[in-house]
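The lines below spell out each chain.
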Amino acid sequence: MNRPSAMTLRISSNFDSGAIEVLSIASPGDIRLKLRADQGVGGDGAFRQWFHFRLHGAAGQDVRMVFENAAAAAYPDGWPGYRCVASYDRRHWFRIGTTRYEDGRLIVEHRPERNSIYYAYFEPYSHERHLDLLGRVELSPFASVSNLGATVEGRDLDLVTVGRPAPGKRPVWIIARQHPGESMAEWFIEGLLERLLDAADPVARRIREKAVLYIVPNMNPDGAIRGNLRTNAAGVNLNRAWREPSVEHSPEVLLVRRAMEASGVGLFLDIHGDEALPYVFFSTAEEVPGFSDEQRARQARFVEAFAAASPDFQTEHGYAVGRFQDELLTLASKWVAHRFGCVSLTLEMPFKDNANLPDGIAGWNGERSMRLGAAMLAPILQHLAG
Ligand code: ZN
């Protein structure tokens, strides 16, 4: 009879959002890994950065893991200053201080206290948690869940609607996780929804009176489950598909665009994470053709109100003008700004930490993303009052 030894050294990733390639695992001190490319039919495999795996059998030993192809990641600038996250129980995630980027390789050294430990690029947001969130929303008296249609792999693309449509109410759209590896985006949505559905919160009450909010907590569940960084199951970067979405390759965008055309859009937020910059910032819309003075003034007021609501947000660091060039109108927030003439912003949160308000143990994490989501209610209300 074969009994598994407690000391079997093994790495596994065959679970929700798992992703890694094992080159060799000679001993705890000599583990060689590769970042796995995004999976998807027709995908070119050009994107790799997300990892999430479980290490077994190394309790009390000095583990040294080398990610040999870190320089070939989608954003190699994401590695300097980055620290890997780890968890024993999949609830509490902490940063590994001895993460370093050297000669194009990411090296993580750690002595796990237990035989089973998970390592990841960022605190994951599981598909089960996603479904639980939708379940809680469905039971709220202020919200409902509806199905927009199916993803490439036939998963549900779900829409949360907060507030009942009525004459004079403004349509607000918020989407998250077009890039599935940016799990902080769905943590943000959970925090925003928790406050928005709070019966006693006066800001939430006023927002529900004045607006109908259409929220897509996860634009890309296929990519999230596969452990992709950027793409859906057809290998498409959804945030470059807004000008010409297709039934076959980007139904997720097509379905949301169709629902937006039906409801109209008076304010749009698209929630993301950035690999390199250790700050929370907006990518704004002034480069969009036809951007009006009114859009500019209202955008400035929105940004100012968010800065007042959360010290985690700042306006000093962000993307350089001209970053997106010809791709500009293929991006969700730029396409919406152009199509609907409203305030339309991409929010970026860090994978590393907020350098203005660092947390040595957690870095930027799910909890902080939730608080930021709750803080977003202040600028939304200000926008609706204006
Ligand atoms: Zn993104």
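Located above this text is the structure these notes cover.
Residues numbered from 1 in each chain as written. Predicted model: local features only at pLDDT ≥ 70, side-chain atom pairs only at ≥ 80, totals over all residues. Heavy atoms only, no water.

> What's the story with the sheet that holds strand β5 (residues 63-67) in this structure? I'm lost.
The strands making up a sheet associate through backbone hydrogen bonding, with each pair oriented either parallel or antiparallel. With mixed pairing, the five strands of this open sheet are ordered in space as β2-β3-β5-β9-β8. Looking at which strands have only one partner, the edges of the open sheet turn out to be β2 (21-27) and β8 (99-102). Neighbouring strand axes in the sheet, compared pairwise and without regard to direction, differ in orientation by 20° on average. Pairing between β2 and strand β3 (residues 30-34): five bridges, direction antiparallel. Counted as the bridge partner of Ile25 is Ile31 from β3. (Pairing = 2+ DSSP bridges. Helix = DSSP H or I, 4+ residues; strand = E, 2+ residues; numbered from the N terminus. Axes fitted to C-alpha atoms, helices over the stretch in contact; angles between N-to-C directions.)

> How should I be thinking about helix α6 (residues 293-309) in this particular structure?
Residues lying three or four places apart along an α-helix face the same way, a consequence of the helix completing one turn every 3.6 residues. In this model, α6 (17 residues) spans 24 Å end to end at C-alpha, consistent with the 24 Å of a helix rising 1.5 Å per residue. Residues of α6 that are buried include every one of Gln295, Arg298, Gln299, Phe302, Val303, Ala305 and Phe306, and no others. The arc that holds every buried residue of α6, seen down its axis, measures 165°, which confines them to one face. Opposite its buried face, α6 presents the exposed residues Asp293, Glu304 and Ala308, each directed more than 90 degrees away. (Expected span 1.5 Å × (residues − 1). Buried < 20%, exposed > 50% of the residue type's maximum accessible area, 1.4 Å probe, protein only. Arc of directions from axis to C-beta.)

> Any chance you could explain the coordination of the zinc ion here in plain terms?
Angles at a metal have ideal values that depend on geometry: 109.5 degrees with four tetrahedral donors, 90 or 180 degrees with six octahedral donors. Looking at the zinc ion, one finds its protein donor set to be His179 (ND1), Glu182 (OE), Glu182 (OE) and His272 (ND1), positioned 2.1 to 2.4 Å from the metal centre. Coordination at the zinc ion comes from four donor atoms whose angles at the metal span 57 to 146°, giving a geometry best classed as irregular. All donors of the zinc ion belong to a single chain; written as a sequence motif, their spacing is H-x2-E-x89-H. Placement of Glu182 in the loop between β13 (170-176) and α2 (184-196) and of His272 in strand β15 (residues 267-274) is noted, with a sequence separation of 90 residues between them. Classification of Glu182 by relative accessible area gives buried; the value is 1%. Assessed through its relative accessible area of 2%, His272 is described here as buried. (Donors = N, O, S within 2.8 Å, 3.2 Å for Na, K, Ca; no water. Tetrahedral: all angles 85-135°; square planar, octahedral: opposite > 155°, others 65-115°.)

> Help me understand the pairing of strand β14 (residues 211-216) in this model?
The side chains of a regular strand alternate between the sheet's two faces. By the criterion of burial, β14 is predominantly enclosed, with six of the six residues buried. Side chains of β14 alternate between two faces, with Ala211, Leu213 and Ile215 and Val212, Tyr214 and Val216 buried alike. With three bridges connecting them, strand β12 (residues 156-162) and β14 associate as antiparallel partners. Across the sheet, Val162 pairs through a bridge with Leu213, a residue of β14. Relative to β14, β13 is paired through six bridges, and the arrangement is parallel. Counted as the bridge partner of Ile175 is Val216 from β14.

> Which parts of the structure should I look at to understand the sheet that holds β14?
Here seven strands make up an open sheet; going across it, the order is β11-β12-β14-β13-β15-β17-β16 and the pairing mixed. Two strands close off the open sheet at either side, each with one partner strand: β11 (143-150) and β16 (281-283). With direction set aside, neighbouring strand axes in the sheet form an average angle of 25°. Running at roughly 100° to β14, helix α3 (residues 202-210) makes contact with β12, β13 and β14 of the sheet. Of the strands in this sheet, β13, β15, β16 and β17 (343-350) are in contact with helix α7 (residues 332-340), which crosses β17 at around 165°. (Contact = heavy atoms within 4.5 Å.)

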